[in-house]
Amino acid sequence: MRARLVAALLSLAAAAAPALALAAGYAGPLFDAHLHYNEEAWNGSSGPHPPADVLGRMQRNGVKAIIANSRPNDGTHLLASLPQVRAAGVAVVPFVRLYRNRADYDNWFRDPGIYAMVQAELARGTAAGPFRGIGEFHLYDSANANGPVARQLMQLAEERQLAVLAHVDDAAIDLLMAHTASRGQKLRLIWAHTGIGGAPVARVDQLLTRYPLLVGELSYRPGLTCDARKLCPEWRQLLLKYPTRFVLGSDTWVNQRWTSYDDTMNGYRSWLAELPPDVARRIAWDNAAGLFGLPSPP
């Protein structure tokens, strides 16, 4: 019954889908490298944003691939399993999120049950293939990066060549990287928001130099844009210095972010147009696609 309901909703959305709602600016494909499909949006049978709704938002904004991570992981499994998503040309890159519920946000780094859950999910995989990463996870106190489960997961990620999506400050980046055998030289870490609290551009530059596989994700990034979606000068300079090291994301952590999805993506398209076309394409698509071996969309 549930499968028939989802299929019916998706069919209706496909029939009614408007043309791409692209703002003037960069017009190429987008890779949403920070997307949640949490239970508040859709719990498997009800919610304000059923699969048809979220797929429609991706399609009309030219989003051709997503990193899916959800609380609980059921939302990611659903997106990975729907043939309509694949038929729409949206590739799902699944990550194991560390949260079974909201209580896990504050305790995951020392809870052995989280490590066991991650191992079980990795063994299970998804309908779209194996999990490709771990996260998003939060550290509200950077010292908790030294928790036993945080250590285990960083080591596991490097050993199994899994990417990591981390919502942390700049101090925690160094602590997390130190847990790996390579001291962070071989760990693919996507830094959600390129730092909570707005790490200074000079500090971001320092960390990008120190860790060759560190990637900055740009949702909610303070200081990125100013004056009606125009890039701030110091950030434009940083993007041009490291054109292969940044990606975009929607961070649909609450339902309001789904309702503003069009505006978020059009905002990206607006400032991407200020960059040379090859740099814009890298940030919008190539950098994230290259992390996971995805081909260019037709």
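Residues numbered from 1 in each chain as written. Predicted model: local features only at pLDDT ≥ 70, side-chain atom pairs only at ≥ 80, totals over all residues. Heavy atoms only, no water.

For the rest of this paragraph, the subject is the state of the cysteines. Counting across every chain of the model gives 1 disulfide. The side chain of C226 participates in a disulfide bridge whose partner is C232; the two sulfur atoms lie 2.5 Å from each other. The buried category is assigned to C232, whose relative accessible area is 9%. (Disulfide = S-S within 2.5 Å. Buried < 20%, exposed > 50% of the residue type's maximum accessible area, 1.4 Å probe, protein only.)

Quick look at unusual backbone geometry now. Of note, the amide linkage connecting R71 to P72 takes the cis form, showing an omega dihedral of -10°. With respect to the element layout, P72 can be found in the loop between β2 (63-68) and α3 (74-81). Backbone geometry places Q161, a non-glycine residue, at a positive phi of 55°. Here Q161 shows up in the loop between α6 (148-159) and β5 (163-167). (Helix = DSSP H or I, 4+ residues; strand = E, 2+ residues; numbered from the N terminus.)

Let's shift gears to the confidence of the model for the protein chain. When the pLDDT values of the protein chain are averaged, the result is 92; 92% of them are 70 or greater. Below a pLDDT of 50 lies the segment residues 4-9, which in the model reaches 9 contacts outside its immediate sequence neighbourhood of four places, other chains included. Low pLDDT (under 50) marks residues 11-21, which in the prediction has 10 contacts with non-local residues, meaning those over four places away or in another chain. (pLDDT = per-residue confidence, 0-100. Contact = heavy atoms within 4.5 Å.)

The subject of this paragraph is the layout of surface pockets. Taken as a whole, the largest pocket spans an internal volume of roughly 330 Å³. Along its surface, the largest pocket is lined by 22 residues, and V90, A91, V92, V93 and L294 are the ones closest to its centre. When residues of the lining of the largest pocket are traced back to their parent elements, those giving at least two are α3, α4 (83-87) and β3 (91-96). The class makeup of the residues in the lining of the largest pocket is 16 nonpolar, 3 polar and 3 charged. There is about 280 Å³ of room inside the second largest pocket. Every residue lining the second largest pocket is counted, 14 residues in all, and those nearest its centre are Y220, L224, T225, Y268 and W271. (1 Å grid on protein atoms, 1.4 Å probe; cavity = no way out; pocket = protein on both sides within 12 Å on 5 of 7 lines; lining within 4 Å. Points joined across faces, edges and corners; volume = space filled by probe spheres on them. Nonpolar A, V, L, I, M, F, W, Y, C, P; charged D, E, K, R; others polar.)

The next point concerns the sheet that holds β2. In sheet architecture, strand pairing relies on hydrogen bonds along the backbone and comes in two forms, parallel and antiparallel. The sheet built from 8 strands is open, its strands ordered β1-β2-β3-β4-β5-β6-β7-β10 with parallel pairing. Looking at strand neighbours, the two that pair on one side only are β1 (30-35) and β10 (246-247), the edges of this open sheet. (Pairing = 2+ DSSP bridges.)

Moving on, we get to the packing of aromatic side chains. Summed over all chains, the structure comprises 9 aromatic pairs. Aromatic side chains F31 and W285 sit 5.5 Å apart centroid to centroid with 50° between the ring planes, which places their arrangement in the tilted category. Placement of the pair is F31 in strand β1 and W285 in helix α12 (residues 277-292), with a sequence separation of 254 residues. Relative to Y105, the ring of Y99 lies with its centre 4.0 Å away and its plane at 15°, an arrangement referred to as stacked. With respect to class, Y99 is no different from Y105; both count as buried. Cluster of aromatic residues (ring-pair linked, three or more members): Y37, W258 and Y261. Cation over ring: R257 sits above Y220, and NZ or CZ is 4.3 Å from the ring centre. (Phe/Tyr/Trp six-rings, centres within 6.5 Å; stacked < 30°, edge-to-face > 60°. Lys NZ or Arg CZ within 6 Å of the ring centre and 35° of its normal.)

Okay, the nonpolar core next. Counting 79 residues, the largest nonpolar core has W108, F137, W271 and L272 as its most contacted members. Looking at this core element by element, the count peaks at 6 residues for α6. If you look at the next biggest cluster of nonpolar residues, it comprises 17 residues, including A288, A289, F292 and L294. (Core = buried A, V, L, I, M, F, W, Y, C linked by side-chain atoms within 4.5 Å.)

Between side chains of opposite charge, a pair can form when the charged atoms approach closely. Per the counting criterion, the structure on display carries 14 salt bridges. E136 is paired through a salt bridge with R97; the nearest N and O atoms lie 3.4 Å apart. One end of the pair, E136, is in strand β4 (residues 133-138); the other, R97, is in the loop between β3 and α5 (112-124), and 39 residues separate them in sequence. Here the two residues E136 and R97 agree in accessibility, since each one is buried. Among the ionic pairs, R100 bridges to D104, the shortest N-O distance being 2.9 Å. (Salt bridge = Lys/Arg side-chain N within 4 Å of Asp/Glu carboxyl O.)

With that out of the way, let us pick up empty space enclosed by the protein. For the structure shown, the criterion picks out 1 cavity of 30 Å³ or more. In this structure, the largest cavity encloses a volume near 30 Å³. Partitioned by chemical class, the residues of the lining of the largest cavity number 5 nonpolar, 4 polar and 1 charged.

Here we come to the packing of helix α7 (residues 170-178) against helix α8 (residues 201-210). Closest axis-to-axis distance for the α7/α8 pair is 11 Å, and the angle between their directions is 15°. Considered as vectors, α7 and α8 are oriented roughly parallel to each other. In this structure, the crossing between α7 and α8 has a hand that is left-handed. Facing α7, whose interface residues are D170, A171, I173 and D174, α8 presents R203, L207 and R210. Grouping the amino acids of the contact of α7 with α8 by side-chain chemistry returns 3 nonpolar, no polar and 4 charged. (Axes fitted to C-alpha atoms, helices over the stretch in contact; angles between N-to-C directions. Parallel < 35°, antiparallel > 145°, perpendicular 65-115°, else oblique. Left-handed = near helix turned anticlockwise from the far one by under 90°.)

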